[in-house]
Amino acid sequence: MAAVPGPLPPAEAEALVRALQGSELRDIGGQGWLRQHEYVEKLNMHGILSASAGQEQLLTELLVSHAKIPVLIGELISVEIWKHKIFPVLCRLQDFKPRSTFPIYVVLHHEASIINLLETVFFHKEICESAEDSILDLIDYCHRKLTLLAARSTTAPAAELPAEPLASPSSMQELQKQAEVMEFEISLKALSVLRFITDQLDSLPLSALTRMLNTHNLPCLLVELVEHCPWSCWEAGKLKKFENGTWHVVPPEDQVKMTKLDGQVWLALLNLLLSPECQRKYRFDGFNKSQLLKLRAFLTDVLIDQLPNLVEMQRFLSYLAVTDPAPPKKDLILEQLWNDDALEKQPSTHFSYTLIASKAACG
């Protein structure tokens, strides 16, 4: 019987964390970038094994002391840009028939590895604090993923996706299906990361709360997820839920049980709506108020028994239904914004496209 691998030795883990570096969009798929991907993969597995053993504190301290959380967030954004700007171009090329799609798959999988690593460590307050201003980029990223989840729930049932990812996609069509499966799972990881961020509201930069509440209106987006629940569906008269990376049929006696994903949404809502600072900043206008009051239909006794803190949410919504909260106090916040138009003109985008394409064609 093969021995179960354990976490990395502390010296090796520190060496990997030290070696983490940011990369340019044009370098994605190159030899240096592949080494970085290998480091992330090893740290991701180390984080999973350490967390299961309750020993993730060392990895947390290493990432904080070496200031690598902003690096990981930057890499997450870069590979997301690659996936949305370059991967579709590769898929549309009629004469692009690579001998192997594995180099492209590695790039797509890199995003999943990073968000999984962040999910493992963002439970800790010091990780959230060490993100500094890059936490805004991570909030924007999570908002984009949650928006995709909400859109999926209103268009096509997520259960129609393949239940298991393809181990080695052999064509661009199969790779596109694989990317769709990964996108769904990545979005669920982003939901968990966002919930951990809302646990640390007091440690966030001043503009982060405004970004979550007013720029992105996350409370209303979370209401959409409660209402449509994209990780749950009915198929052939049976309830199926997505948990631990797979879809499974839920027996009748367990259908009212709250899943981990359900809990993440409710906890994020509790953090965003019941905090006095959040209530001071959020716009409780007619639309927002009507959306939030939809939650009352879901706050059953069975649900509250599983998460007793929801009693406070129930009281708040009852109060909100009969009052008109004061308009939010306006604060002056200055922040640097990303210029997305510049991405269309980057020569690095074309370079990255040709690099990956040539690697895939050569096998």
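Conventions used here
Residues numbered from 1 in each chain as written. Predicted model: local features only at pLDDT ≥ 70, side-chain atom pairs only at ≥ 80, totals over all residues. Heavy atoms only, no water. Helix = DSSP H or I, 4+ residues; strand = E, 2+ residues; numbered from the N terminus. Buried < 20%, exposed > 50% of the residue type's maximum accessible area, 1.4 Å probe, protein only. Contact = heavy atoms within 4.5 Å. Areas by Shrake-Rupley, 256 points an atom, 1.4 Å probe, with all protein chains shown as cover. Axes fitted to C-alpha atoms, helices over the stretch in contact; angles between N-to-C directions. Parallel < 35°, antiparallel > 145°, perpendicular 65-115°, else oblique. Left-handed = near helix turned anticlockwise from the far one by under 90°. Nonpolar A, V, L, I, M, F, W, Y, C, P; charged D, E, K, R; others polar. Salt bridge = Lys/Arg side-chain N within 4 Å of Asp/Glu carboxyl O. pLDDT = per-residue confidence, 0-100. Polar contact = N/O pair within 3.5 Å; in protein donor to acceptor, adjacent residues only side chain to side chain. Core = buried A, V, L, I, M, F, W, Y, C linked by side-chain atoms within 4.5 Å. Pairing = 2+ DSSP bridges. Expected span 1.5 Å × (residues − 1).

Enquirer: Describe in detail the overall build of the protein chain, supporting the description with residues and values.
Expert: Helices and strands together make up the secondary structure of the protein chain, namely 18 helices and three strands. Evaluated residue by residue, the protein chain yields a buried proportion of 49% over its 363 residues. If you take every contact in the protein chain between residues at least 6 apart in sequence, the share linking residues at least 24 apart comes to 80%. Here the protein chain has roughly 18,100 Å² of accessible surface; of this, 55% comes from carbon and sulfur atoms.

Enquirer: Describe the environment of L201, listing the residues and the values that go with them.
Expert: Structurally, the position occupied by L201 is in the loop between α9 (172-198) and α10 (206-215). Separated by 71 residues in sequence, L201 and L272 place their C-alpha atoms 8.5 Å apart. Excluding anything up to four places from it in sequence, L201 contacts L209, M212, N271, L272, S275 and C278.

Enquirer: Tell me what's going on with the packing of helix α11 (residues 218-228) against helix α12 (residues 260-274), and back it up with residues and numbers.
Expert: Where α11 contacts α12, the two axes come as close as 10 Å, and the packing angle between them is 155°. One element, α11, and the other, α12, form an angle in the roughly antiparallel class. As α11 runs across α12, the sense of the crossing is left-handed. Across the interface between the two elements, L218, P219, L222, L225 and V226 from α11 touch V265, W266, A268, L269, L272 and L273 from α12. Residues that form the contact of α11 with α12 fall into these classes: 11 nonpolar, no polar and no charged.

Enquirer: Can you explain the pattern of salt bridges? Please cite residues and give values.
Expert: Counted according to the given criterion, the structure contains 17 salt bridges. For the salt bridge of E14 with R18, the shortest nitrogen-to-oxygen distance reads 3.5 Å. With E14 and R18 both in helix α1 (residues 10-19), this residue pair falls four residues apart, about one helical turn. Of the residues examined, R18 reaches a relative accessible area of 53% and is grouped as exposed. Here R315 ties to E312 by a salt bridge, and the two come within 2.9 Å at their closest N and O atoms. Residue R315 and its partner E312 are located together in helix α16 (residues 310-322), separated by three residues, close to a single helical turn. Assessed through its relative accessible area of 42%, E312 is described here as partly exposed. Ionic contacts of the salt-bridge type, sharing partners, join the residues K83, E111, K145 and E183 into one network.

Enquirer: I'd love a proper account of α10, names of residues and values included.
Expert: When you tally the buried positions in α10, you get seven out of 10 residues, the bulk of the element. For α10, the set of buried residues is S207, A208, L209, R211, M212, L213 and N214.

Enquirer: Mind laying out the confidence of the model for the protein chain, listing which residues take part and the relevant values?
Expert: For the protein chain, the mean per-residue pLDDT works out to 86, and 84% of the residues sit at or above 70. The model gives residues 155-168 a pLDDT under 50, and that stretch makes 17 contacts with residues more than four places away or in other chains. Every residue in residues 357-363 scores below 50 in pLDDT, and together they form 18 contacts with partners more than four places removed in sequence or on other chains.

Enquirer: With reference to specific residues and values, describe the side chain of H46.
Expert: Along the chain, H46 falls in helix α2 (residues 31-52). The class of H46 is buried, set by a relative accessible area of 4%. Residues in contact with H46, not counting those within four places in the same chain, are P7, L8, A13 and L59.

Enquirer: Outline the environment of E235, supporting the account with residue identities and numerical values.
Expert: Relative to the helices and strands, E235 is located in strand β1 (residues 232-235). Relative accessible area serves as the criterion here: at 37%, E235 is assigned to the partly exposed category. Sequence separation between E235 and V249 is 14 residues; the distance between their C-alpha atoms is 9.1 Å. A distance of 3.3 Å separates the side chain of E235 from the side chain of K240, its partner in a polar contact.

Enquirer: Let's hear about the nonpolar core: which residues, and what values?
Expert: Grouped together as the largest cluster of nonpolar side chains are 102 residues, with contacts concentrated most on F122, I135, L138 and W231. The greatest single-element share of this core, amounting to 13 residues, is contributed by α9. When neighbours within four sequence positions are excluded, L138 is seen to be in contact with I73, L76, L118, F122, V193 and I197.

Enquirer: Talk me through the pairing of strand β2 (residues 238-243); I want residue IDs and the actual numbers.
Expert: In this sheet, β2 lies alongside β1 in antiparallel orientation, the contact comprising four bridges. Across the sheet, residue S232 finds its bridge partner in β2, namely K241. Adjacent in sequence and paired antiparallel, β1 and β2 are bridged by two residues, among which A236 carries a positive phi angle near 55°. Here β2 runs beside strand β3 (residues 246-249); their pairing, made up of four bridges, is antiparallel. Its bridge partner being in β3, K240 is matched across the sheet by V249.

Enquirer: Help me get a handle on helix α6 (residues 102-121), residues and values and all.
Expert: Compared with the 28 Å implied by 1.5 Å per residue over 20 residues, the 28 Å span of α6 between its first and last C-alpha is a close match. In terms of burial, α6 is a largely internal element, 18 of the 20 residues being buried.

Enquirer: Would you mind going over the sheet that holds β1 in detail, with residue names and values included?
Expert: With respect to topology, three strands assemble into an open sheet ordered β1-β2-β3, the strand pairing being antiparallel. Across the chains shown, the open sheet's two edge strands, defined by having one partner strand only, are β1 and β3. Taking the axes of each pair of neighbouring strands and ignoring which way they run, one obtains an average angle of 30° across the sheet.

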